[in-house]
Structure formats: C-alpha cells, structure tokens
Amino acid sequence: MKSYKLTSLTVNHFRGYRYHREFDLDNRDIAVLAGPNGYGKTSFFDAVEWALTGKLYRYELANDERNTSRFINFQPFNENAVVSLDFSNGDKKYTITRECINHEDKATDYGENRTKVTLTGSDINTLSNKHATNALNKILVYTDWQSKIRFEDVFSQYHLLTQDKLKHFIQGARGTERFLQLSVLLGTDRFSKYKDSMKCTEDYFAQKVKNLQTDLQDIDARITVLKEQISNNEATNIEDKLTGILVMYNLLEINLPEMHEKDLVKRCMLYKKYASTESNTIETKISNCEQLFSQFGNLHPEISKYQTAKEFYNRLSILPELYTKFLKLDYLIKNQDLYKNFNISSDQLIKKLSDASQIINTLSLYISDIQSIEMNLHLYEKALTAYQASNYESTASFINALDNVILNLKTSNSQIYYRKNEMGGRIGLGEIVLEIPRLVESMSISSILISKMEHIKKICQDTNGRQTNIDKDLDEKRKAKQSIETEIAELNTLDANVRKILNESLLHLSRTTNLDVDCPVCNTSFKTDELIGKIKIQLGQKNPITEQKLNLQQSLINDINNLHDEKAKLVTKLINELTEVATMVSGIVRDIQDLKQLILSEEIKCKELITSLKDNKKMIEDSQKTYMSYLLELNLSSSEGPALGDILTNLNNDVNNQISLLGYDCFNIDMTTFNSNLASYQSYITIFESDLQEKGIQLTSSIEDQVLEKISGYRDQINKLKEQKSLVDLLNVKLDELSKLITEDANRNNLNALVIKRESINSELGDNTRIQNNLKLLQQAVTNSISQINQELIDENREFVNSIFKRLNPHPYFRDVEFNLDFTRQRNNTLYLNCIHKNEFSVNPAYIFSSAQVNILALSIFLSIALRQRCTRLDTFLLDDPIQNMDDMNVIAFIDILRSLGKNDTLDKQIIMSTHDEQFYRLMVKKFRFFKTKAFEFKEYNEEGPSFKTKDIYSEYLRTMNV
C-alpha cells in the first residue's frame, strides 16, 4: 500500500490564527514557511500535530500554569478552534477535522476531553472521536505494528522535529530519559510494558511480604502478652467448682435460677449477671427501707407539735367571726346620725348637681360662640393667603370670600365683646371676663370685624376698578408703541438702502475721470465734485421722520412706566391696609383663644365639682345600704326607734367581753397578722395529716403508736436485707475468681492457636519472598534485553547516522558519533552520546559542542532514524526552523542531504519546514526549484492573525523554462 502525504491544511481561530486560513500542499514535495519569528509559522506545525494527535508535544508535561491557561483557541475567544487536515496516497484521500469543545466554563481549553474529532474518506463513512482515532491508526500504521504502537504516540517522534526537542535530547535530557526517547524512536519502548507489569506484580508481593511481617510482629507481641497472663497453675475442673458454689448458696436459701446454657463460660457469666442484678435489687430495697425508717423517725417528734397546733386552732377559729360582728356593731353606733339625716343630705346634693349642670351648658354655648368666630377668622385668613398667592389679582374671589365672612358674622349673633377700662381693656362673654394689656373700644367683636371686612372690601373694589382702567390704558399704549416701533424699523431699512446706494454712488464718482456726469433717471447734468459734495452732505444728515417717530416712542415708554408705577402704588396701599387688618385679626385671635382657655378652665373645674358631688352622693347611698344590711345581718329592725342605740351598745359590750375571754382587745387586734397566723396553723395541720395518711397512718387511732410500730418493722427489714446482700456479694466474688480461671484457660487455648498461626505465616513469608526476588531478576532480564535490542538497532543505524553527521560538517575534529548504553546504580538503562576522533579519543558533545553543533548532532540522529522507520505510512516530515545557529557550510550541506532524498526531480518524502532566515529561504528556492516546491511567505502579524502570500516555486520555474 502506498504511503500518505499531506495535501491541505485549514485553520480557523486556532492559536495565532484568528480567521480562516488555508494552506494548499497538494502534489508538493517541499513546502517552505518563511518569515520573521512570531509571525505564525510554529502555529502551522501545532495545527498539524493537534489535528492528528489532539496533543501538543511541548505542552504535554502537566503543571498548574498549563492547567489554568487557554492557548488552543485564539484569544480573545470568539469561536471554537477548528483544524482540518487532508492527506492522500494518490488512490485514497482522507480528511481529519478536530474542534475545541467543552471549555467555556473551564480553566483551560487543552486536553483530551476538550476536543471533538471526525474522520472522512473515500472508502469510509464519517467517523467520530474514538472510532475516528482507531481508523486513523489503521490507515497510517503498518499492519504489523498496529498492535504495538498508536499513531498519535509516535507522530511527534518520527514526523515533527523542533528546536526545543533537538536541543533537549543532547543537553537537557538525562541519560535515562535520553535512552527512553531513543527506545521510542527505535520502537523498543513497547517491551517496557512487560517490565512495568512485572514491577506491579513485584510491588504486590512486596506489600504482601510487608503485611506478613507486620502480622508476624503482631502475633509475637500477642504471644508475649498471653504468656505473661497465664499462671503456672495447672488447669482445674471449672464445672465442678461452679456446681459446688451453686449447691452451697442453695443451702443458704438463696434461690438461684436454673441456667440451661451448655457453654460453661456463658453459664458462669449468666450467674454472675444474675448475682450483680440481685445485689443491685437488694441495695435498692435497703435504700428504700432506710429512707422510710428515717422518715418515720423524723415524724415521731412532730406529733406533739401537731397536737398543740390543732388544739390552738380549734380554740381561736371563732375569733374572726366575733371580730367581724364587733366591727359591724361599731359601724352602726357611729353612723346613727347619718342614717337618720339621709334624706336631707341627698336632696342638697341633687340641687348642687343641677346647678353645676346648668353652668356646664352655658360654658358649652360660650365655646360654640368662640369656635364660630375662630372659623370665620380662619376663612378670612385662608382667602387672604390665596389672594396674596395670586399677587392680588384674584380680587373677585377674595371679595366673594369677604361677603361670606361678613354674612356669617352678622347671622352668628356673637356675644363676645370688648370693654374699655382705666387699665386698658377686657374681653368678655357673659359673666366670663378676661383683662387684656391694650386699649380697646367698647363694642362687640363681631361688629369690629364686620366694619373692618367691609372697609377692606371697599378698598379692594376701588383698587380693582382703578387697576382695570390702568390695564386698559396700558394695552392702548403698548399697541401704539408696537405700531411706532414697526414704522421705525421700516424707516431704518429704507434709510439703510438709501445710504448703501449713496455710498456706492460716491465710490463710483470717486473713480470716474469725467468732470460732468448725467443723472441716470432724469438725464440732468452735474459737476462731479458738486455731486460728490451733495452726496456726502446727505450721508451726514439724519432722517427727520425717524427722529420724530423715536421721540414719540420714548413718550409712550414714559407713559407706560408711569402707569406701572401707579399700579404698584395701588397694590402697596392695598397691602398696607390688609396688613393692618391682619394685625388686628391676630390680636383678636389671641384674645379669644385666651378667653377660650379661661372658659375651658372653668368648665374643667365645674366638671370636677360634679364628679365630687356624685362621689359624695354615692358614698351616702352606699353607707345607707351598708347600714341597712348590717341591721338585717344582726336581726335588728330600723323600726326600733330611739331604743335602737341602747340595743346596739348592749350587743357591742357582749361581743367585746367574748373577745376579751380569748385574750384579745377589740381595739388593738391586728386581724391581718392574726388571720395569717391562723392560716399558717391550718396549713401546717392539713399538710401533716396528709403526710400521715400517705404513710398509712389512721387519724382515728393513736398516731404515736402507729408510727413506733412502723419504725420497728423497717429496722428489722433492713437487717434482714443486709444479710442477704452480704451473701450475694460473696457469690459475686466466687464467680469473679471462677471467671479468672476460665479466662486463663481461654488464654492457653489462644496461645496454642497463635503458635500454630506463626508457623503458617513464616512459611507463607518465605514463599512470597522467593517470588519477589524472582520477579526482580525477571525485571533485570527485561532491562538487559531492551538494552541488547537497542544496541543491535543502534549498530544497524550508526553508519547512516554518521554519514548524515559527516555530510553536515559538524566539527573539524570530532566527526563520528558513538552511542554508549549502560546502567545506572539502580540498574536502569541509560544512554551516553560521545563524539570521537578516528577512534582515538572521545568527548561529551553536551559540554564541548556549540549550539549549532549540538543542533546538527541531534538533527542527524532524528533524521536517520525517522527516514529508516517502517512503522507508519506517513511520508511527511515537519521541520520547525531546523538550521538555527548553523553557518553557511552547515546550511548548504543540510540542503544537499534533503536533495539526496529524491531522484528524477522528485522526493521520496514530503518535507515541510520553516525558517526565519531570508538568505536560507532564497537558497532553498534556488536549490529546489526543480522539485515540486511551494512557499508561504509570512508578511505580517496583526489583530487578525498571520498574513501570508503563497508562492508556487515549481510553476514559476516551468514558466521561465517555457515548459
């Protein structure tokens, strides 16, 4: 099957390329990307690598910076990066397309799960993702190698050579890393998987050995502990001991339950559990009995106290009733006169209440009168405020409001008046009079207000009439002024036109050489100088009509201003009058408010008097009811007449004597304290009797005998329970001793089991250690085998590497390459490169060679192995600026090597390379003009990405040769 070459590359929004760019590589052996550094050449190689593998070799090493950077999509991001790559072998053509996806909310846009890939071809349907990469592997990898390598893993080794890779191979990589890279190039790295598999198995057995050693240490420690816990006593018969203990305690009348558990250890634990439970139960019973014993012991001394308290309570419980009767009799004696004169006192209070109510009604009328005046004054102030707000123009509305206020004042018939006296004046309403600190006229307030309102009304009407006439005169004057101003404007326009004509005529006459001129209108002949003089005189004069109109205009302005002044004076006079009335109204408002406060104060006093009279009336009525009720309670009648007083006195003396017999004085008893003490005795008696009943003591029998009987019974019960607890505790001790014997027997059994287990682990440990050592030997054998295979392959390629190395003129002295395979101290493969001189002595090029010589050495190795590899079907090499630091001789030699890859003006391989060197580019164009060569000249890099020009070298050559 024929090998494949690239035919086209299309990039869009990928890395440095913002917009759609296409590179046509069809039927081309060589493609050269030329231009300064940073113009997008490397992004071309990145696009090819990313399309085929989904990776960029130089960014494969993961780190925090890479994982938080976005570098696949063009930045700033606008669309997903898309790369399409066409490749063909002449018979079949395929297109692989890769798009960057799933990155919008991620920190980076790089990674396997950030791409979507499709593959289409002439012999396959469209395949996606894993199916596409599997198909690509089958197309571009030879059948024998398909199970051994993946195309995406070897592409960057065989087909893409970059400066960083070349230099790192010689100077940056360690020997082991360099050996691994060479193994990848030679295809032997796949054998490492056997070594890795053995290493995993070895690690498994190593961990198993470590675990067994840990288990062994744990068992040894447990054996030591068990040996310390086992005494030297011989084993005893536990069954016989347990039976003996149970028989002994059954004889002591401790009824142990029968246990059906066959296991001796469990049975012993059950008996021990029963003994512990029984001991706790007895302990609880003892505690309860001791508590009851203590309670009854404490109760016994309280019995005598209880009996004394009950006797005292029964004797004094009648005192509250006697004292209440005494108080009622004392009340009846003291209030006999009030009871007899009840009707007279009640009538007097009713008369006073009636008089006070009439005064309240009169004061309410006074308040209504004041509120009426206040309302009218408020209406006036509101109308005045609106009038002022209209700039004194809403005269009609204001006069209408005044008419309403005047009408209200006339119909209100207010009784508020002013009176003049020697000290100043007073304001009054009925009998309520208030002194005021200013002189007033003796007349009613409503008359004063009506007079002032009518006066204001007349002034407003007069002012409004005069203002109307002034406004009419102003309107006429303004119209006349406007008419004059229009005439003046027309005259000024005409005068300006005439002056323009005169000035133009004067200019014309000053330029003429004729002494006489004729008038163009009337053909009159004038002397030129005379005519010029007349024109100048005319220009120097003012228009008399205009002057007359201006004087008339000024006269009208003066008249208008005078009318405005007169109107302002009318308004000022009106404001002064209104202000004077407002001052008077404010005084009246203050006076009537003070009068109102005085009336309200009198009203409050009168209401307080009524309340007091009502309280007195209720008190007399309540007293009368109390008196009557006490008489009924004492079985007395109000019809007893004069003898009632004697009856009450005799009863009172009798009650007083009964209280004295109880040891108390009726006039010095603190019944609150007495009732409190009596209640305390009652509470004590109730609580004590309740406590006795709760404890089973009958109140009808002898309380003391019952309590002593309880104390004796609980004492006997406590002694019996303590004897039982001693026996149960001893049983617990015996069972503990038996449990220790059982535990010791169990430890002996465990010790024997652990000894057997230790022997088994020692055996297993030996087997696993032998397997681990054998696996180490197998790994070393694989390492040696890989080294041997690499050595054989290197020997096969050494001559080809050296032929390329020598042709590139690398060094004047060291012109042969030697590959030295060795092992590290950890028995890992390593590769050292040496450059030798005629097999006499050698040097390490990483430390001796210049940058150009290092570049040549690495290029020789990679080119030789890449050209001879037979695992992939892709015949394309991508070289990113391979001639950096080379001198002219090296460059010419490198070109000759590339030319030698072809025959008959056709290359076996497709080479795509870049260069920043203009001279090298021109040399490539010249040397490869016979081949199918195309150039892409990168001209600039701007915000839209790279800009390049395509140049078909081969076609231009054919045109120059007229082919």
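Look a little higher up for the structure.
All chains use their own residue numbering, which begins from 1 and follows the written sequence. With the structure being a predicted model, the display of local features is reserved for residues of pLDDT at least 70 and the display and counting of side-chain atom pairs for 80 or more, all residues being used for whole-chain, interface and lining totals. As a rule here, side-chain values cover all heavy atoms of the structure and leave hydrogens and water aside.

Visitor: Would you mind showing me how to read the pattern of salt bridges here?
Guide: Note on pairing: side chains with opposite charge can pair once their charged atoms come close. Every case where a carboxyl oxygen of Asp or Glu lies within 4 Å of a side-chain nitrogen of Lys or Arg is listed as a salt bridge. Following the criterion strictly, the structure yields 34 salt bridges and no others. Close ionic contact of Lys481 with Glu485 constitutes a salt bridge, the shortest N to O distance being 2.7 Å. With Lys481 and Glu485 both in helix H15 (residues 445–511) and 4 residues apart, this pair spans about one turn of that helix. Residue Lys481 is classed as partly exposed on the basis of its relative accessible area of 22%. With a closest N to O distance of 3.9 Å, Glu603 and Lys607 form a salt bridge. Secondary structure counts use DSSP, requiring at least four H or I residues in a row for a helix and at least two E residues in a row for a strand, with both numbered from the N terminus. Relative accessibility under 20% of the residue-type maximum defines a buried residue, over 50% an exposed one, and the middle range a partly exposed one, all with a 1.4 Å probe and only protein chains included.

Visitor: Explain helix H10 (residues 302–316) to me, please; I cannot follow it from the model alone.
Guide: Every α-helix carries 3.6 residues per turn, so stepping three or four residues along brings you back to the same face. Across its 15 residues, H10 extends 21 Å between first and last C-alpha, which sits within 8% of the 21 Å expected from 1.5 Å per residue. Within the sequence span of H10, burial applies to Ile303, Tyr306, Ala309 and Leu316. Down the axis of H10, the buried side of the element spans an arc of 170°, and every buried residue falls inside it. What points out from H10, more than 90 degrees from its buried face, is the exposed set Thr308, Glu311 and Asn314. Given a helix with a known number of residues, its expected span is that number minus one, times 1.5 Å. This arc corresponds to the set of directions leading from the helix axis out to the C-beta atoms.

Visitor: Would you explain the environment of Lys410 in this entry?
Guide: Structurally, Lys410 is set in helix H14 (residues 395–412). Along the backbone, Lys410 and Ser447 are 37 residues apart, and their C-alpha atoms lie at a distance of 8.2 Å. Residue contacts are defined here by distance: any two heavy atoms, one from each residue, within 4.5 Å place the two residues in contact. Excluding residues within four positions of it along the chain, Lys410 makes contact with Ile450 and Glu454. As used in this structure description, the phrase polar contact means that two N or O atoms lie within 3.5 Å; if the pair is within protein, one of them must be able to donate a hydrogen and the other to accept it, and residues adjacent in sequence are counted only when both atoms belong to side chains. Here Glu454 takes part through its side chain, which lies 3.5 Å from a polar atom of the side chain of Lys410.

Visitor: Would you take a moment to explain the sheet that holds strand E16 (residues 841–843) for this structure?
Guide: Paired through their backbone hydrogen bonds, the strands of a sheet run either parallel or antiparallel. DSSP-based pairing: two strands are paired if at least 2 bridges between them are found. An order of E14-E15-E16 is seen for the 3 strands of this open sheet, with the pairing classed as antiparallel. Of all the strands in the sheet, just strand E14 (816–823) and E16 have a single pairing partner and so form its edges. Strand-to-strand, the axes of this sheet are offset by a mean angle of 45°, without reference to chain direction. Relative to E16, strand E15 (residues 829–837) runs antiparallel, the two being bridged by 3 bridges. Of the residues in E16, the one forming a bridge with Ile836 is Ser842. A fitted line through C-alpha atoms represents every axis, and for helices the fit uses only the stretch in contact; the resulting angles, taken between N-to-C directions, go from 0 to 180 degrees. Sheet strands in contact with helix H20 (residues 703–807) are E14 and E15, and its direction is about 175° off that of E14.

Visitor: When you look at the nonpolar core in this model, what are you seeing that I'm missing?
Guide: In summary, soluble globular proteins display a tendency toward joint burial of nonpolar side chains. Among the buried residues, those of types Ala, Val, Leu, Ile, Met, Phe, Trp, Tyr and Cys that are joined through side-chain atoms within 4.5 Å form a nonpolar core. Among the nonpolar cores identified, the biggest contains 97 residues, and Phe44, Phe87 and Phe894 are the most heavily contacted of them. By residue number, the principal contributor to this core is helix H22 (residues 851–868), which donates 10 residues. Every residue in contact with Phe87, bar those within four places of it in the chain, is listed here: Tyr4, Lys5, Leu6, Thr7, Lys92, Lys93, Tyr94, Ile96, Leu119, Leu136, Ile139 and Leu140. In terms of nonpolar packing, the next biggest core, distinct from the first, is built from 44 residues, Tyr387, Met453, Ile459 and Met584 among them.

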